[in-house]
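The primary structure of each chain is shown beneath.
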Amino acid sequence: MRPRRLELRGFSSFREPVCVDFEGADLFVLTGPTGSGKSSLIDAMVFALYGSVPRYDNKKLVAPVITQGCQEARVCFDFSIAGDQFRVARVVARTSGGATTREARLEQGDRLLAGTAEQVTRRVERLLGLKFEHFIKCVVLPQGEFARFLHEKPRDRQALLVEVLDLKIFKAMAALAGGRHASQQSDIASLEERLEEDYPHATVAGRDAAALRLQELEDLKQQIEQSSPFLEALEEKRQTKLAAAQGAAANLASLRRLQPPPGVSELASALAETESLLEKARSDLLQSTQELEAEESRVEELPEEIDLLRSQAMWSRHQTVQAERDDLTAELLRAREREKQAKSRVESAQQLRDEVRGRLEAARTAHAAHHIAAHLQPGEPCPVCRRKLAKPPPLDIPPDLSRAEEDLAKAEGKWRNSLQAASEASANVARLLEQRDRLRENLDQLEKDLTDRWSARRTEQLLARRQKLHRSFQQAREKQRELHREERSARKKLKQLRKDSDQAWLSFHQERDRLAVLKPPPLGDRSDLAGAWSDLVEWAGAMEPLQAEKESQAGKEAAQADREKRRLLRQLDRACRLRSVETDPRGPMEACQVALGRARQRLEDIERDLSKAKELRRKLKKLRRQAEVSKALARLLSARGFERWYLHRAMQQLVSGASRILLQLTREQFSLAVDDKSNFQVIDHNNARETRSARTLSGGETFLASMALALALSEHVAQLAAHGSPRLDSIFLDEGFGSLDSETLETVSDAIAELGAGGRTVGLVTHVRELAERVPVRYRVSKDDRTSRVERVVA
């Protein structure tokens, strides 16, 4: 996995959007003051991939990644695996109870690989071959732990190695093996119980006895098959004679119950009478049809009834409109008279109003002072003396002025009422004139429409004549319908009589055909049904004694055949009982077949159960071996000796891998070894392969040895975490540089440069400027009061 690009906003100290481009940076450093946000960039990459941050103990806790004061955090990380490009993004939003991952997606080009937080995490685990816990041990190396790991006591080093390598899995394996052993023991008990209860008869002796029984029944079957032809011949003879006796009895019964049906003689006379009635009905119907056609032609000579009714309606409307016009003319004369009277009353009221108004003006002139004083207010100057009034002057209304004002009000009211009445009378006259004009137009249009039509009297005469002819036509039609009903009734009756006649002849032929085996006499006159029945009944009386004799003889011969068959069947039944074959109402062969089927099934069941029991015993043997293995595995894995053995093997592998890396980092000078007490030793190849304690290494040499151990463990954990997992092409060192002196920094710098040239992307996180300046690509991280920022600097 190689990083390509990182975008984040609202994540940790990065409030504002930040984009970090890792293209071309095989070896880079994140540098800046303590607390500026360097480690937060590593946290952002890990969070984008797994949805968790290494520094938090609770992997499901996502709220702390959101910048204080922000509502959401966004992270988008582009990376590549073996040349394939991927993009993973997560968005965390605050909620009332904390925060939740609102959006998550993993894409490869335009293809969406996962669309939820859990799906993204599972798909990343499959792509990288590592879970979160292994990733942060293999990629973000715990370097300080391994500096301590190099010098710890063996017991403490063993505890740390168990934690780092996640060897608790062997305890889980021991528990799983113990559970599997218990399950296998239960399965063993179940198989043993099944063998004991379900297959106790599955033995070789039982199979031989079943085979002997089957052969015995096969011999019995052969004996029965040899007797079968005699039984079949006797049964055939019995059935033939029984059939002959039953046939003679049936013929005798048919002869005895042969009687002509009732009404045969009356059927011919009824048929002739009905044919005569039908002929008369058809003649009367023909005459009625001719009369109806004559009436219809007379009706068609007159005008159409709808035209006559339309003319009648128009003349009726003309009469109604004329009457309405006369009534409206009289009403108009009365309205004009009322209008004239109303206008006269208006003139009288106006004259009265003018007279009263004159009297009021005279009174006001006579009492002008009173009129002026009535409108004065306190503080206004008097129009006569020009002094300001302190209060209104006392006023007494003159009686003649008051009466004049009252008379004027009454006169004006009377004048307005008369004016309103005159207006209403004029409006009524205008309305009546408008109605008279409309009636006149309607009357003119009606007279125009009636110009080419019959007169009112002629219309009534034609309409009455047509209605009379129509009634006569309806009566003729009703008579024709009645004759039609009579003709249909006669035809229906004749049809039924003919059907009855045909049915009677059919019954006769059916009775005669039932006796066809007795060869009845030939049919004479085929139209005389009564005579045919008489001849047949007479012949039947002569045939009865012959059929009775035939029935008796056939019955005796059938009984003799049945006695012989029963004797042979008793012999076969004794043979069956001797062989313990249950009797069957259907016969010895059926009983033998049933017994044979059971014997074959018994033999097949035993052979099948023998095979099943053999298979169960094979499974039981295999299961017992597996149970022994599970028991031994649970015992071995739960023992302390296995853990010590495995840790020693892991330590040997770890030292071997670390030595290979340390030789490369120190230019073939140092390699590592471990003694019998699990203490680390260093081999100095430049000093005749001198072996000494790892505690004798200098600071820089200790750092290189610790880094070699960390890288070796990285490769080892990756192998444990995934089967055939992708190569981890990136590592990030996030601690340990601040305590190194300048000489050690020089050594570490050269070693890291060698590590970066080995094909991996190496990222350092440090605030040590001397180390940062030695790295070709630097990402300078700074922080102000609001947000952190990242600047790429290329040496």
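Every value quoted in this text rests on a predicted model; they were computed, and no experiment measured them. (Residues numbered from 1 in each chain as written. Predicted model: local features only at pLDDT ≥ 70, side-chain atom pairs only at ≥ 80, totals over all residues. Heavy atoms only, no water.)

Before we move on, could you go through the overall build of the protein chain and cite the residues and values that matter?
On a plain count of helices and strands, the protein chain comes out with 18 helices and 15 strands. In the protein chain, once contacts between residues fewer than 6 apart in sequence are set aside, the share between residues at least 24 apart is 71%. (Helix = DSSP H or I, 4+ residues; strand = E, 2+ residues; numbered from the N terminus. Contact = heavy atoms within 4.5 Å.)

Pulling in residues and values, what's your account of a positive patch on the surface?
Judged by side-chain charge, R567, R570, R574 and R577 come together as a positively charged surface patch. Within the secondary structure layout, R567 lies in helix α13 (residues 529-578). (Patch = residues over 30% accessible without salt bridge, like charges linked within 9 Å, V, L, I, M, F, W, Y side chains within 5 Å. Areas by Shrake-Rupley, 256 points an atom, 1.4 Å probe, with all protein chains shown as cover. Salt bridge = Lys/Arg side-chain N within 4 Å of Asp/Glu carboxyl O. Lys, Arg positive; Asp, Glu negative; His and termini not counted. Charge placed at Lys NZ, Arg CZ, Asp CG, Glu CD.)

So what's going on with the nonpolar core? Which residues, and what values?
If you look at the biggest cluster of nonpolar residues, it comprises 51 residues, and the most contacted ones within it are L6, L49 and L106. Non-local contacts of L6, meaning those with residues more than four positions away in its chain, are made with V18, C19, V20, F22, L41, A44, M45, V75, C76 and F77. Listed in part, the 35 residues of the second largest apolar core include A658, V674, V762 and A772. (Core = buried A, V, L, I, M, F, W, Y, C linked by side-chain atoms within 4.5 Å. Buried < 20%, exposed > 50% of the residue type's maximum accessible area, 1.4 Å probe, protein only.)

Can you break down the pattern of salt bridges residue by residue, with the values?
All told, the structure shown has 23 salt bridges when counted by the stated rule. In this structure, the salt-bridge partner of E103 is R105, at a minimum N-O distance of 2.6 Å. By relative accessible area, which is 31% here, E103 ends up partly exposed. Classification of R105 by relative accessible area gives partly exposed; the value is 27%. Of the charged contacts, one joins D354 and R353 as a salt bridge, the two residues approaching to 3.8 Å between their closest N and O atoms. Judged by its relative accessible area of 12%, R353 is buried. Linked through salt bridges whose partners overlap, the residues forming this network are R9, E72, R74 and R102.

An account of the side chain of D78 is needed here, citing residue identities and associated values.
Examined against the element boundaries, D78 turns out to sit in strand β4 (residues 72-81). For D78, a relative accessible area of 7% gives the class buried. If near-sequence neighbours (up to four positions away) are discounted, D78 is found in contact with P3, R4, R5, F86 and R87.

Before we move on, can you summarise the sheet that holds strand β9 (residues 670-674) with the specific residues and values?
Across the sheet, three strands lie side by side as β9-β10-β11; this open sheet has antiparallel pairing. Strands with a single pairing partner mark the edges of an open sheet, and in this sheet they are β9 and β11 (690-693). Strand-to-strand, the axes of this sheet are offset by a mean angle of 35°, without reference to chain direction. Two strands pair when backbone bridges link them, and strand β10 (residues 680-684) and β11 are joined in this way by four bridges, in the antiparallel orientation. Bridge pairing in β11 links V682 to R692. (Pairing = 2+ DSSP bridges. Axes fitted to C-alpha atoms, helices over the stretch in contact; angles between N-to-C directions.)

Tell me about the environment of A366, and please be specific about residues and values.
Take A366: it is sitting in helix α9 (residues 305-366). Through-space distance from the C-alpha of A366 to that of L401 is 9.0 Å; in sequence the pair is 35 residues apart.

Give me the lowdown on the sheet that holds strand β6 (residues 98-108), citing residues and values where you can.
Strand order in this open sheet of six strands is β2-β1-β4-β5-β6-β7, and the pairing throughout is antiparallel. Edge positions in the sheet fall to β2 (18-21) and β7 (111-114), since each has one partner strand and no second. With direction set aside, neighbouring strand axes in the sheet form an average angle of 20°. Bridge analysis of strand β5 (residues 84-95) against β6 gives nine bridges, and the strand direction is antiparallel.

So, the state of the cysteines: which residues are in play, and what are the values?
Scanning the entire structure with this criterion turns up zero disulfides. Counting only cysteine sulfurs, C76 is the nearest neighbor of C19, a cysteine outside any disulfide, at a range of 9.0 Å. (Disulfide = S-S within 2.5 Å.)

Before we move on, could you go through the environment of V762 and cite the residues and values that matter?
For V762, the location among the structural elements is in strand β13 (residues 761-766). Along the sequence, V762 and L27 sit 735 residues apart, while their C-alpha atoms lie 4.9 Å from each other.

So, the pairing of β5: which residues are in play, and what are the values?
As defined by bridge partners, β4 adjoins β5 across 10 bridges and the pair is classed as antiparallel. When the bridges of β5 are listed, A73 appears paired with V92. Between the end of β4 and the start of β5, which pair antiparallel, lie two residues, with A82 showing a positive phi angle near 55°. Taking the residues that link successive antiparallel strands as the turn, the β5-β6 hairpin has two residues.

I'd like a rundown of the pairing of β10, residues and numbers included.
Among the five residues in β10, four count as buried, and that is most of the element. Bridge count between β9 and β10: five bridges; the pairing is antiparallel. In the sheet register, A673 faces β10, and the bridge partner there is Q681. Taking the residues that link successive antiparallel strands as the turn, the β9-β10 hairpin has five residues, and the phi of S678 there is positive, at about 65°.

Quick one: what's the story with a negative patch on the surface, residue by residue and with numbers?
A surface patch of negative charge is lined by D437, E441, D444 and E447. With respect to the helices and strands, the residue E447 is situated in helix α11 (residues 399-449). Looking at E447, the relative accessible area reads 39%, which means it is partly exposed.

Kindly report on the packing of aromatic side chains, identifying the contributing residues and their values.
Note on aromatic pairs: each is described by the distance of the centres and the angle between the planes. Here the structure, examined in full by the defined rule, presents eight aromatic pairs. A cation sits over an aromatic face here: R353 above W415, 4.2 Å from the ring centre. (Phe/Tyr/Trp six-rings, centres within 6.5 Å; stacked < 30°, edge-to-face > 60°. Lys NZ or Arg CZ within 6 Å of the ring centre and 35° of its normal.)

Requested: an account of helix α2 (residues 117-128), with residues and values cited.
Over its 12 residues, α2 runs 17 Å from end to end, which matches the ideal 16 Å to within 8%, given 1.5 Å per residue. Along α2, the residues classified as buried are V120, T121, V124, L127 and L128. Take α2 and look down its axis: the buried residues cluster within an arc of 125°, on one side only. Structural note: α2 exposes E118 and R126 on the side pointing more than 90 degrees away from its buried face. G129 occupies a position one or two residues after α2 and carries a positive phi of about 75°. (Expected span 1.5 Å × (residues − 1). Arc of directions from axis to C-beta.)

Kindly report on the side chain of R692, identifying the contributing residues and their values.
You can see R692 is positioned in strand β11. A distance of 2.5 Å separates the side chain of R692 from the side chain of T696, its partner in a polar contact. Apart from residues lying up to four places away in sequence, R692 is in contact with F670, Q681, V682, D684 and L697. (Polar contact = N/O pair within 3.5 Å; in protein donor to acceptor, adjacent residues only side chain to side chain.)

Residues and numbers for unusual backbone geometry, please.
Positive phi is not limited to glycine here, since S12 has a value of about 55°. With respect to the secondary-structure elements, S12 resides in the loop between β1 (2-9) and β2. Since its relative accessible area comes to 28%, S12 is described here as partly exposed. Of note, the phi angle at A688 is positive, near 60°, even though the residue is not glycine. Relative to the helices and strands, A688 resides in the loop between β10 and β11.

Before we move on, can you summarise the confidence of the model for the protein chain with the specific residues and values?
Per-residue pLDDT for the protein chain has a mean of 78; in total, 83% of the residues score no lower than 70. For the protein chain, helix α4 (residues 143-151) is the element with the lowest average pLDDT, namely 61, and β2 is the one with the highest, namely 95. (pLDDT = per-residue confidence, 0-100.)

So what about the environment of D500? Which residues, and what values?
Structurally, the position occupied by D500 is in helix α12 (residues 456-514). Expressed as a C-alpha distance, the spacing of D500 and L267, which sit 233 residues apart in the sequence, is 8.0 Å.

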